[in-house]
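# Overview (structure and organization)
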Amino acid sequence: MITIIKKMIGGVPVPDKKELSEKAPVEFAGIPDELVLFMSHHIGAPAVPLVKPKDTVKRGQLIAEPQGLVSAALHAPTSGVVKAIEPRFHPVLACMSEAIVIEPDGKHEPVEGLAPKASDLDSLSAEQIRAIAREAGIVGLGGACFPTSAKITPPEDKHLDTYLLNGSECEPYLTADHRVMLEEAEKVIFGFKALMKASGVSRGIVCIEDNKPDAIEAMKQAMSGYDGLELAVLTTRYPRGGEKQLTQAVLGREVPPPPGLPYDVGVLVSNVGTAYALAEAILTGLPLVERVVTVTGEGVAKPSNFKALIGTPVSYLIEKAGGFAGTPGKVIMGGPMMGCALKSLDVPVLKGTTGILVLTKEQAVQEPILPCIKCGKCIDACPLGLQPLWISAYAERGFIEEAESFRAMDCMECGCCAYICPAKRPLVQLIKMAKAEISSRRKARR
Ligand code: SF4
Ligand code: SF4
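Note that the coordinates shown come from a computational prediction; the quantities given were computed from them, not determined experimentally.

Thresholds, definitions, all that
- Residues numbered from 1 in each chain as written.
- Chains lettered and ligands numbered in written order.
- Predicted model: local features only at pLDDT ≥ 70, side-chain atom pairs only at ≥ 80, totals over all residues.
- Buried ≥ 20, exposed ≤ 12 C-beta atoms within 10 Å, placed from the backbone.
- Helix = DSSP H or I, 4+ residues; strand = E, 2+ residues; numbered from the N terminus.
- Arc of directions from axis to C-beta.
- Contact = placed C-beta atoms within 7 Å.
- Axes fitted to C-alpha atoms, helices over the stretch in contact; angles between N-to-C directions.
- Parallel < 35°, antiparallel > 145°, perpendicular 65-115°, else oblique.
- Left-handed = near helix turned anticlockwise from the far one by under 90°.
- Nonpolar A, V, L, I, M, F, W, Y, C, P; charged D, E, K, R; others polar.
- Pairing = 2+ DSSP bridges.
- Near = placed C-beta within 6 Å.

Within the span of helix α5 (residues 213–223), buried status applies to Ala215, Ile216, Ala218, Met219, Ala222 and Met223. Down the axis, α5 shows its buried residues gathered within 165° of arc, on one side only. Exposed and facing more than 90 degrees away from the buried side of α5 are Pro213, Asp214 and Gln221. In this structure, the buried side of α5 is in contact with β10 (162–167), α3 (176–183), α4 (185–199), β11 (203–209) and β12 (229–234).

And the structure:
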């Protein structure tokens, strides 16, 4: 069954710029001179190293073990020697964080015993699939990095009936998910069926925006041999791919405000890259040691989609994409709406790195910030029905309780309000500031 979905609350029609890299097939980026693997790749407890400096490691070898349910294992992406275990700058956490540094030997030698877990899903129980996801260190590859084994083990009091596979990839410029769906549709669907089986959900809906007709066709064909799968084609609008927005648009169910999650309304949502990673772990035995990363933007010579080893330096990937085109103005990890600007290129690809975007000097010029003209455009654009102008105004003046009462903590930092604001107000930065202050006050009260 195919459903065409047009409705959406808020959002903005952002130029998608996907034409820069959407036709570039995924190619292996190669093995850099150094890989940096953070213990805190993800939400939750950091993993604990199992290796020490000077140890030799092989591709796929477990090098750090998870701590608790919300934590993810870490594996060596290639063979080599552990050069150090030391703090390195984490580009998303924006602080120094413990990392295992590997010096590759160039042999790419797999660890002994790396073998397929199964060739079909009938031979695996739900519990076995959850164990594979946990042992393989799989996390949500859409950027959130929530451990997949935890996601597919929801609390017993939650009744789940639908699993959404998120192939929206609504962030402008990024094409990693698009290429994965196009080139690996069958594995993605296999992985999706594995996620469904592991979580005990029988209805699965593949959700794709209509700016990827070739991926829609590929996924439609790959789905044809399976029962219980439907396709939802959504009109292109940012931020379609937010899990709350997707749940609302496809199923008409409203996810409660944070800490509410889709499973509170019977739904699980996973990214297509996550499904692919799980399929790889089952069909080849390879844990999550590499991922597809888009390197794009008007500021790179040859926009590309790379299969990059986790831990590969951003500078290495930009070189692989032909280097800079002209003078770079800004390099962003992720997309232009929700990504984080990088101060240095000497940071690694993380499990949640969807892309590296290079903007030119002209594109990166900060327009003058003007006073709010109360036009209300930010309110219309907010997909959560918030009032960004008031939250940001209170935050700017230090009225944190008022910002909290205007639901600052519900903000998902999608950037729609700042994008649409004619006065170029730094709305998201101000809201983030309020959120940080509210969080620290809440912690102090505990
Ligand atoms: S869009 Fe900008 S100028 Fe308009 S009300 Fe919101 S903050 Fe003010
Ligand atoms: S950044 Fe926050 S306030 Fe602004 S549109 Fe997105 S959810 Fe709404």
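Back to the write-up after that little detour.
The next subject is the environment of Thr353. Positionally, Thr353 belongs in the loop between β17 (340–341) and β18 (355–360). On a C-alpha basis, the gap between Thr353 and Gly311 in space is 10 Å, while along the polypeptide they are 42 residues apart. Residues within four places of Thr353 in sequence aside, it is in contact with Val293 and Met333.

Turning our attention to the packing of α3 against helix α7 (residues 272–283). What describes two packed helices is the angle between their axes and the distance between those same axes. Running from amino to carboxyl end, α3 crosses α7 at an angle of 45°, the nearest separation of the two axes being 9 Å. The angle between α3 and α7 falls in the class oblique. When you trace α3 past α7, the crossing you get is left-handed. Taking contact as the criterion, the partners of Ala176, Asp177, Val180 and Met181 in α3 are, on α7, Val272, Gly273 and Tyr276. When grouped by side-chain class, the residues that make up the contact of α3 with α7 number 5 nonpolar, 1 polar and 1 charged.

Moving on: the pairing of strand β9 (residues 95–104). As defined by bridge partners, strand β3 (residues 35–38) adjoins β9 across 4 bridges and the pair is classed as antiparallel. Paired with Val36 across the bridge in β9 is Val101. Bridging between strand β8 (residues 80–90) and β9 involves 10 bridges; their strand directions are antiparallel. Each residue of the ladder has a partner; that of Phe89, found in β9, is Met96. The turn linking β8 back onto β9 is made up of 4 residues, and Ala94 within it adopts a positive phi angle of 55°.

Next up on the list: the site of ligand 2. Close to ligand 2 lie 15 residues; Cys382, Cys411, Cys414, Cys416 and Cys417 are nearest. Elements supplying a minimum of two residues to the shell around ligand 2: α12 (416–420) and α13 (427–445). Here the shell around ligand 2 takes 3 residues from α13, the largest share from any one element. Looking at side-chain class alone, the shell around ligand 2 contains 13 nonpolar, 1 polar and 1 charged residues.

Okay, the site of ligand 1 next. The immediate surroundings of ligand 1 are formed by 13 residues, with Cys372, Cys375, Cys378, Leu389 and Cys421 found nearest. Tallied by class, the residues present in the shell around ligand 1 amount to 9 nonpolar, 1 polar and 3 charged.

Attention now moves to the sheet that holds strand β6 (residues 62–65). Taken in spatial order, the 3 strands make up an open sheet running β4-β6-β7, and their pairing is antiparallel. Of all strands in the sheet, those bounded by a partner on one side alone are β4 (48–49) and β7 (74–75). Two elements, β6 and β7, share 2 bridges in a ladder whose sense is antiparallel. Bridged to Leu62 within β7 is His75.

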